Amino acid sequence: MNLKESLIWDAHAGLFPSSEMDLDNLLSWQKYNVNYLSINVGFDVMSRDATLATLAAYRRWLMARPNQFLLVGTLSDIYNARDTGRLAISFDIEGMNALGGDINMVEIYHTLGVRQMLFAYNLNNSAAGGCHDIDIPLTKFGVEILAEMNRVGIIVDASHVSYLSSMELIERSSSPVIFSHSNPWSIWQHQRNITDEQIKACAAKGGVIGLNGLAIFIGDNDSSSESLLRHLFKLIDLAGTAHVGLGFDYTPDITVDLGAILRARPDYWPAGQQYDTPGIEHAGPSKIRDLVDGMQVRGLSEFEIKGILGKNFARVADQSWV
(Lines give C-alpha, C1' and ligand atoms only; values in the text may rest on other atoms or scores of the structure.)
Protein backbone atom coordinates (compact mmCIF):
# COMPACT_ATOMS: atom_id res chain seq x y z
CA MET A 1 0.00 0.00 0.00
CA ASN A 2 1.41 3.35 -1.09
CA LEU A 3 1.08 5.82 1.81
CA LYS A 4 1.52 8.78 -0.53
CA GLU A 5 -1.83 7.90 -2.10
CA SER A 6 -3.62 8.14 1.26
CA LEU A 7 -4.80 11.11 3.31
CA ILE A 8 -2.84 10.85 6.57
CA TRP A 9 -4.36 12.82 9.44
CA ASP A 10 -2.80 13.19 12.91
CA ALA A 11 -5.50 14.62 15.14
CA HIS A 12 -3.20 15.91 17.88
CA ALA A 13 0.49 16.70 18.26
CA GLY A 14 2.10 16.64 21.69
CA LEU A 15 4.12 19.80 21.06
CA PHE A 16 4.01 21.85 24.25
CA PRO A 17 2.19 25.12 23.51
CA SER A 18 4.64 27.97 23.90
CA SER A 19 5.51 31.06 21.89
CA GLU A 20 9.12 29.86 22.25
CA MET A 21 8.49 26.47 20.63
CA ASP A 22 10.72 25.67 17.65
CA LEU A 23 8.19 24.73 14.99
CA ASP A 24 10.90 23.27 12.77
CA ASN A 25 9.86 20.16 14.71
CA LEU A 26 6.94 19.92 12.27
CA LEU A 27 9.39 18.35 9.81
CA SER A 28 9.06 15.19 11.92
CA TRP A 29 5.55 14.77 10.48
CA GLN A 30 6.36 15.74 6.91
CA LYS A 31 9.08 13.10 6.86
CA TYR A 32 6.46 10.36 7.31
CA ASN A 33 3.90 11.57 4.75
CA VAL A 34 1.47 13.14 7.22
CA ASN A 35 -0.84 15.51 5.32
CA TYR A 36 -2.73 17.19 8.17
CA LEU A 37 -1.77 17.89 11.78
CA SER A 38 -3.63 19.61 14.61
CA ILE A 39 -1.21 21.41 16.94
CA ASN A 40 -2.00 22.64 20.41
CA VAL A 41 -1.89 26.37 21.18
CA GLY A 42 -3.12 26.21 24.77
CA PHE A 43 -4.26 24.04 27.66
CA ASP A 44 -5.87 24.64 31.04
CA VAL A 45 -2.57 25.31 32.83
CA MET A 46 -2.17 28.44 30.68
CA SER A 47 -4.01 31.75 30.89
CA ARG A 48 -6.04 33.21 28.04
CA ASP A 49 -3.25 35.73 27.38
CA ALA A 50 -0.60 32.97 27.15
CA THR A 51 -2.82 30.99 24.78
CA LEU A 52 -3.35 34.00 22.52
CA ALA A 53 0.37 34.79 22.54
CA THR A 54 1.18 31.22 21.49
CA LEU A 55 -1.48 31.27 18.79
CA ALA A 56 -0.16 34.56 17.43
CA ALA A 57 3.43 33.28 17.34
CA TYR A 58 2.42 30.05 15.58
CA ARG A 59 0.33 31.91 12.99
CA ARG A 60 3.19 34.29 12.20
CA TRP A 61 5.67 31.42 11.86
CA LEU A 62 3.41 29.40 9.56
CA MET A 63 2.45 32.37 7.39
CA ALA A 64 6.15 33.11 6.80
CA ARG A 65 6.58 29.63 5.22
CA PRO A 66 3.80 29.39 2.61
CA ASN A 67 5.73 26.91 0.47
CA GLN A 68 5.95 24.34 3.29
CA PHE A 69 2.79 24.83 5.37
CA LEU A 70 -0.82 25.86 4.94
CA LEU A 71 -2.94 27.05 7.85
CA VAL A 72 -6.28 25.47 6.99
CA GLY A 73 -9.88 26.10 7.92
CA THR A 74 -11.76 23.82 5.56
CA LEU A 75 -11.49 20.27 4.30
CA SER A 76 -10.76 21.50 0.77
CA ASP A 77 -7.79 23.43 2.18
CA ILE A 78 -6.34 20.15 3.45
CA TYR A 79 -6.59 18.50 0.04
CA ASN A 80 -5.10 21.62 -1.54
CA ALA A 81 -2.14 21.39 0.84
CA ARG A 82 -1.64 17.71 0.05
CA ASP A 83 -1.81 18.29 -3.68
CA THR A 84 0.77 21.08 -3.46
CA GLY A 85 3.19 19.18 -1.21
CA ARG A 86 2.56 21.20 1.95
CA LEU A 87 1.67 20.14 5.50
CA ALA A 88 -1.84 21.29 6.43
CA ILE A 89 -2.06 22.73 9.95
CA SER A 90 -4.87 23.87 12.21
CA PHE A 91 -4.93 24.51 15.93
CA ASP A 92 -6.52 22.87 18.94
CA ILE A 93 -6.99 23.98 22.56
CA GLU A 94 -7.07 21.59 25.50
CA GLY A 95 -9.56 22.92 28.01
CA MET A 96 -11.83 25.90 28.41
CA ASN A 97 -9.66 28.04 30.71
CA ALA A 98 -8.47 29.60 27.43
CA LEU A 99 -11.85 31.36 27.22
CA GLY A 100 -11.20 33.33 30.40
CA GLY A 101 -14.87 32.86 31.27
CA ASP A 102 -16.02 34.60 28.07
CA ILE A 103 -18.01 32.53 25.58
CA ASN A 104 -17.36 35.16 22.89
CA MET A 105 -13.81 33.80 22.66
CA VAL A 106 -15.04 30.62 20.96
CA GLU A 107 -15.70 32.43 17.68
CA ILE A 108 -12.49 34.47 18.02
CA TYR A 109 -10.45 31.28 18.31
CA HIS A 110 -12.26 29.81 15.30
CA THR A 111 -11.41 32.93 13.28
CA LEU A 112 -7.73 32.54 14.23
CA GLY A 113 -7.54 28.92 13.09
CA VAL A 114 -8.71 26.76 16.00
CA ARG A 115 -10.73 23.85 14.63
CA GLN A 116 -10.80 21.51 17.65
CA MET A 117 -11.34 22.12 21.37
CA LEU A 118 -11.27 19.90 24.45
CA PHE A 119 -13.54 20.73 27.36
CA ALA A 120 -11.06 20.05 30.17
CA TYR A 121 -7.42 19.12 30.64
CA ASN A 122 -7.15 16.46 33.39
CA LEU A 123 -8.77 18.61 36.12
CA ASN A 124 -12.24 20.08 36.48
CA ASN A 125 -12.81 23.60 35.18
CA SER A 126 -15.78 25.95 34.74
CA ALA A 127 -17.10 23.92 31.79
CA ALA A 128 -16.55 20.21 32.47
CA GLY A 129 -14.86 17.49 34.48
CA GLY A 130 -11.32 16.26 33.92
CA CYS A 131 -10.14 12.65 33.86
CA HIS A 132 -7.90 13.05 36.96
CA ASP A 133 -10.55 14.74 39.11
CA ILE A 134 -13.97 14.13 40.65
CA ASP A 135 -16.26 12.91 37.89
CA ILE A 136 -18.85 15.60 37.08
CA PRO A 137 -21.18 16.30 34.15
CA LEU A 138 -21.04 19.45 32.05
CA THR A 139 -21.73 22.69 33.84
CA LYS A 140 -24.29 25.20 32.57
CA PHE A 141 -21.39 27.13 31.03
CA GLY A 142 -20.14 23.92 29.40
CA VAL A 143 -23.52 23.32 27.78
CA GLU A 144 -23.48 26.86 26.42
CA ILE A 145 -19.95 26.42 25.06
CA LEU A 146 -20.94 23.20 23.31
CA ALA A 147 -23.80 24.93 21.51
CA GLU A 148 -21.46 27.75 20.45
CA MET A 149 -18.83 25.33 19.16
CA ASN A 150 -21.47 23.51 17.15
CA ARG A 151 -22.65 26.85 15.75
CA VAL A 152 -19.27 28.22 14.63
CA GLY A 153 -17.87 24.87 13.45
CA ILE A 154 -15.27 23.61 15.91
CA ILE A 155 -14.81 19.86 16.44
CA VAL A 156 -15.83 18.76 19.94
CA ASP A 157 -13.01 16.77 21.57
CA ALA A 158 -13.48 14.69 24.75
CA SER A 159 -9.89 13.55 25.37
CA HIS A 160 -8.67 14.40 28.92
CA VAL A 161 -12.33 14.84 29.96
CA SER A 162 -14.14 12.96 32.75
CA TYR A 163 -16.50 10.08 32.03
CA LEU A 164 -19.76 11.92 32.81
CA SER A 165 -18.77 15.05 30.91
CA SER A 166 -17.63 13.07 27.87
CA MET A 167 -20.84 11.06 27.73
CA GLU A 168 -22.93 14.23 28.00
CA LEU A 169 -20.92 15.86 25.21
CA ILE A 170 -21.61 12.86 22.97
CA GLU A 171 -25.31 12.94 23.80
CA ARG A 172 -25.84 16.69 23.41
CA SER A 173 -23.59 17.63 20.49
CA SER A 174 -25.23 18.23 17.12
CA SER A 175 -22.01 17.15 15.37
CA PRO A 176 -19.92 14.01 16.04
CA VAL A 177 -17.66 14.12 19.10
CA ILE A 178 -14.12 12.76 18.94
CA PHE A 179 -11.51 11.50 21.36
CA SER A 180 -8.58 12.89 19.40
CA HIS A 181 -5.87 11.06 21.35
CA SER A 182 -7.18 8.41 23.75
CA ASN A 183 -6.52 4.68 24.14
CA PRO A 184 -8.77 1.92 25.52
CA TRP A 185 -8.70 1.53 29.30
CA SER A 186 -9.51 -2.17 28.91
CA ILE A 187 -6.02 -2.69 27.46
CA TRP A 188 -4.09 -0.42 29.85
CA GLN A 189 -5.71 0.91 33.04
CA HIS A 190 -4.54 4.53 33.01
CA GLN A 191 -6.94 7.31 34.01
CA ARG A 192 -6.24 9.10 30.73
CA ASN A 193 -7.54 6.15 28.74
CA ILE A 194 -11.24 5.69 28.02
CA THR A 195 -13.72 2.94 28.78
CA ASP A 196 -15.36 0.58 26.33
CA GLU A 197 -18.65 2.40 26.98
CA GLN A 198 -17.15 5.76 25.99
CA ILE A 199 -15.67 4.24 22.84
CA LYS A 200 -18.96 2.64 21.80
CA ALA A 201 -20.97 5.79 22.54
CA CYS A 202 -18.57 7.92 20.50
CA ALA A 203 -18.81 5.57 17.52
CA ALA A 204 -22.60 5.27 17.76
CA LYS A 205 -22.95 9.03 17.17
CA GLY A 206 -20.49 9.08 14.26
CA GLY A 207 -17.36 10.10 16.16
CA VAL A 208 -13.77 8.88 15.87
CA ILE A 209 -11.20 7.79 18.47
CA GLY A 210 -7.55 8.64 17.74
CA LEU A 211 -4.87 6.15 18.75
CA ASN A 212 -2.43 7.75 21.24
CA GLY A 213 1.29 7.02 21.00
CA LEU A 214 2.43 8.21 24.44
CA ALA A 215 4.08 5.16 26.00
CA ILE A 216 2.55 5.51 29.48
CA PHE A 217 -0.91 5.34 27.91
CA ILE A 218 0.06 2.21 25.94
CA GLY A 219 1.70 0.22 28.74
CA ASP A 220 4.64 0.40 31.13
CA ASN A 221 6.52 3.04 29.10
CA ASP A 222 5.91 0.78 26.11
CA SER A 223 6.10 2.34 22.65
CA SER A 224 6.43 -0.91 20.69
CA SER A 225 4.49 -1.40 17.48
CA GLU A 226 3.05 -4.65 18.85
CA SER A 227 1.52 -2.93 21.88
CA LEU A 228 0.28 -0.02 19.78
CA LEU A 229 -1.47 -2.51 17.50
CA ARG A 230 -3.14 -4.15 20.51
CA HIS A 231 -4.75 -0.80 21.33
CA LEU A 232 -5.63 -0.18 17.69
CA PHE A 233 -7.31 -3.55 17.26
CA LYS A 234 -9.26 -3.09 20.50
CA LEU A 235 -10.57 0.22 19.23
CA ILE A 236 -11.50 -1.42 15.94
CA ASP A 237 -13.27 -4.29 17.71
CA LEU A 238 -15.30 -1.87 19.85
CA ALA A 239 -15.96 1.00 17.45
CA GLY A 240 -15.58 -0.45 13.97
CA THR A 241 -13.05 0.59 11.36
CA ALA A 242 -15.07 3.69 10.38
CA HIS A 243 -14.60 5.23 13.83
CA VAL A 244 -10.86 4.86 14.49
CA GLY A 245 -8.04 7.21 13.53
CA LEU A 246 -4.62 8.47 14.58
CA GLY A 247 -3.84 11.07 17.24
CA PHE A 248 -0.29 10.24 18.25
CA ASP A 249 0.17 13.02 20.85
CA TYR A 250 3.74 12.89 19.59
CA THR A 251 6.50 15.15 20.92
CA PRO A 252 9.78 15.30 18.99
CA ASP A 253 12.97 16.46 20.67
CA ILE A 254 12.25 19.95 21.95
CA THR A 255 14.06 22.73 23.80
CA VAL A 256 11.26 23.79 26.17
CA ASP A 257 11.88 22.59 29.76
CA LEU A 258 8.86 20.33 30.28
CA GLY A 259 10.16 19.17 33.67
CA ALA A 260 9.91 22.70 35.04
CA ILE A 261 6.35 23.00 33.82
CA LEU A 262 5.30 19.71 35.42
CA ARG A 263 6.98 20.65 38.70
CA ALA A 264 5.19 24.00 38.75
CA ARG A 265 1.71 22.44 38.49
CA PRO A 266 1.94 18.81 39.69
CA ASP A 267 -1.83 18.72 40.33
CA TYR A 268 -2.44 18.42 36.59
CA TRP A 269 -0.24 15.31 36.40
CA PRO A 270 -0.99 13.45 39.66
CA ALA A 271 1.18 10.89 41.39
CA GLY A 272 0.54 7.24 40.61
CA GLN A 273 -0.21 7.89 36.93
CA GLN A 274 3.32 7.28 35.58
CA TYR A 275 3.99 10.92 34.72
CA ASP A 276 7.20 10.72 36.75
CA THR A 277 8.52 7.87 34.57
CA PRO A 278 12.09 8.67 33.50
CA GLY A 279 12.45 9.06 29.74
CA ILE A 280 8.82 8.66 28.70
CA GLU A 281 8.81 7.28 25.16
CA HIS A 282 6.61 8.22 22.21
CA ALA A 283 5.26 6.22 19.31
CA GLY A 284 4.79 8.78 16.58
CA PRO A 285 4.33 9.06 12.82
CA SER A 286 7.31 6.77 12.22
CA LYS A 287 4.99 3.93 13.33
CA ILE A 288 2.48 4.47 10.54
CA ARG A 289 4.04 1.87 8.22
CA ASP A 290 4.08 -0.74 11.02
CA LEU A 291 0.42 -0.01 11.76
CA VAL A 292 -0.51 -0.38 8.10
CA ASP A 293 1.39 -3.66 7.86
CA GLY A 294 -0.36 -4.92 10.99
CA MET A 295 -3.79 -3.96 9.66
CA GLN A 296 -3.05 -5.71 6.37
CA VAL A 297 -2.00 -8.88 8.21
CA ARG A 298 -5.27 -8.73 10.14
CA GLY A 299 -7.14 -8.59 6.84
CA LEU A 300 -8.42 -5.03 6.76
CA SER A 301 -9.24 -3.74 3.29
CA GLU A 302 -7.44 -0.80 1.70
CA PHE A 303 -10.64 1.22 2.09
CA GLU A 304 -10.75 0.51 5.84
CA ILE A 305 -7.06 1.30 6.30
CA LYS A 306 -7.37 4.59 4.42
CA GLY A 307 -10.26 5.46 6.71
CA ILE A 308 -8.14 4.90 9.81
CA LEU A 309 -5.19 6.81 8.32
CA GLY A 310 -7.27 9.91 7.72
CA LYS A 311 -10.60 9.62 5.95
CA ASN A 312 -12.54 8.96 9.18
CA PHE A 313 -11.38 12.18 10.83
CA ALA A 314 -11.91 13.99 7.52
CA ARG A 315 -15.53 12.85 7.60
CA VAL A 316 -16.00 14.37 11.06
CA ALA A 317 -14.39 17.61 9.91
CA ASP A 318 -16.74 17.70 6.93
CA GLN A 319 -19.70 17.34 9.30
CA SER A 320 -18.38 19.81 11.90
CA TRP A 321 -16.51 22.65 10.18
CA VAL A 322 -18.65 25.40 8.67
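A brief look at the structure comes next.

Each value, and the rule that gives it
- Here the residue index of a chain counts from 1 through its sequence in written order.
- Residues qualify for local features only when their pLDDT is at least 70, as the model is predicted, and side-chain atom pairs are given and counted only at 80 or more; totals for whole chains, interfaces and linings, by contrast, use all residues.
- Hydrogen atoms and water are omitted, and side-chain values are computed over all heavy atoms in the structure.
- The way it works is that DSSP assigns letters per residue, a run of H or I at least four long becomes a helix, a run of E at least two long becomes a strand, and they are numbered from the N terminus.
- Only C-alpha atoms enter the radius of gyration, while the globule expectation follows 2.2 Å times N to the 0.38, with N the number of residues.
- Only protein chains enter the area calculation, which uses a 1.4 Å probe; residues under 20% of their type maximum are buried, those over 50% are exposed, and those in between are partly exposed.
- In what follows, residue pairs with any heavy atoms lying within 4.5 Å of each other are defined as contacts.
- Residue exposure ignores everything except the shown protein chains as possible cover, and the areas themselves are Shrake-Rupley values with a 1.4 Å probe.
- When charges are counted, Lys and Arg contribute as positive and Asp and Glu as negative, whereas His and the chain ends are disregarded.
- A charge is said to be at NZ when it belongs to Lys, at CZ for Arg, at CG for Asp and at CD for Glu.
- To define a nonpolar core, start from buried Ala, Val, Leu, Ile, Met, Phe, Trp, Tyr and Cys residues and group those joined through side-chain atoms within 4.5 Å.
- Two strands pair if DSSP finds at least two bridges between them.
- For crossovers, right-handed means that the path from the first strand over the helix to the second runs clockwise, given strands pointing away from the viewer.

**With respect to the overall build of the protein chain**
Then, in step 1: For the protein chain, the helix and strand inventory stands at 12 helices and 9 strands.
Then, in step 2: Computed over C-alpha atoms, the radius of gyration of the protein chain comes to 18 Å, within 12% of the 20 Å expected from 2.2 N^0.38 for 322 residues, which places it in the range of a compact globule.
Then, in step 3: Overall, the C-alpha framework of the protein chain stretches about 50 × 45 × 40 Å when taken along its three principal axes.
Then, in step 4: Within the protein chain, the proportion of its 322 residues that are buried is 60%.
Then, in step 5: Long-range contacts, defined as pairs at least 24 residues apart, comprise 75% of the intrachain contacts of the protein chain with a sequence gap of at least 6.
Then, in step 6: Carbon and sulfur atoms form 50% of the exposed surface of the protein chain, whose accessible area is close to 12300 Å².
Then, in step 7: Considering the protein chain, the positive charge centre built from 25 side chains and the negative charge centre built from 37 side chains are found 5 Å apart.

**A word on the nonpolar core**
Then, in step 1: Core analysis: the largest hydrophobic core is formed by 89 residues, its most contacted members being Leu26, Phe91 and Phe119.
Then, in step 2: For this core, the element with the highest residue contribution is helix α9 (residues 225-239), accounting for 8 residues.

**Describing the pairing of strand β4 (residues 87-94)**
Then, in step 1: The element β4 is largely enclosed, with a buried count of 8 among its 8 residues.
Then, in step 2: Side-chain alternation along β4 places Leu87, Ile89, Phe91 and Ile93 on one buried face and Ala88, Ser90, Asp92 and Glu94 on a second face that is also buried.
Then, in step 3: Strand direction decides the pairing type here: strand β2 (residues 36-43) and β4, joined by 7 bridges, are parallel. Bridge pairing in β4 places Ser38 opposite Ser90.
Then, in step 4: Here strand β3 (residues 69-71) runs beside β4; their pairing, made up of 3 bridges, is parallel. In the sheet register, Phe69 faces β4, and the bridge partner there is Leu87.
Then, in step 5: With helix α3 (residues 75-83) bridging β3 and the parallel β4, this β-α-β connection has right-handed handedness.
Then, in step 6: As judged from the 4 bridges shared by β4 and strand β5 (residues 114-118), these two strands associate in the parallel manner. For Asp92, the partnering residue across the bridge sits in β5 and is Gln116.

**Description of unusual backbone geometry**
Then, in step 1: Notably, Asn122 is not glycine yet its phi reads approximately 70°, a positive angle.
Then, in step 2: Along the chain, Asn122 falls in the loop between β5 and α5 (140-152).
Then, in step 3: Here Gln274, not a glycine, exhibits a phi torsion of approximately 75°, which is positive.
Then, in step 4: Along the chain, Gln274 turns up in the loop between α10 (258-264) and α11 (288-298).

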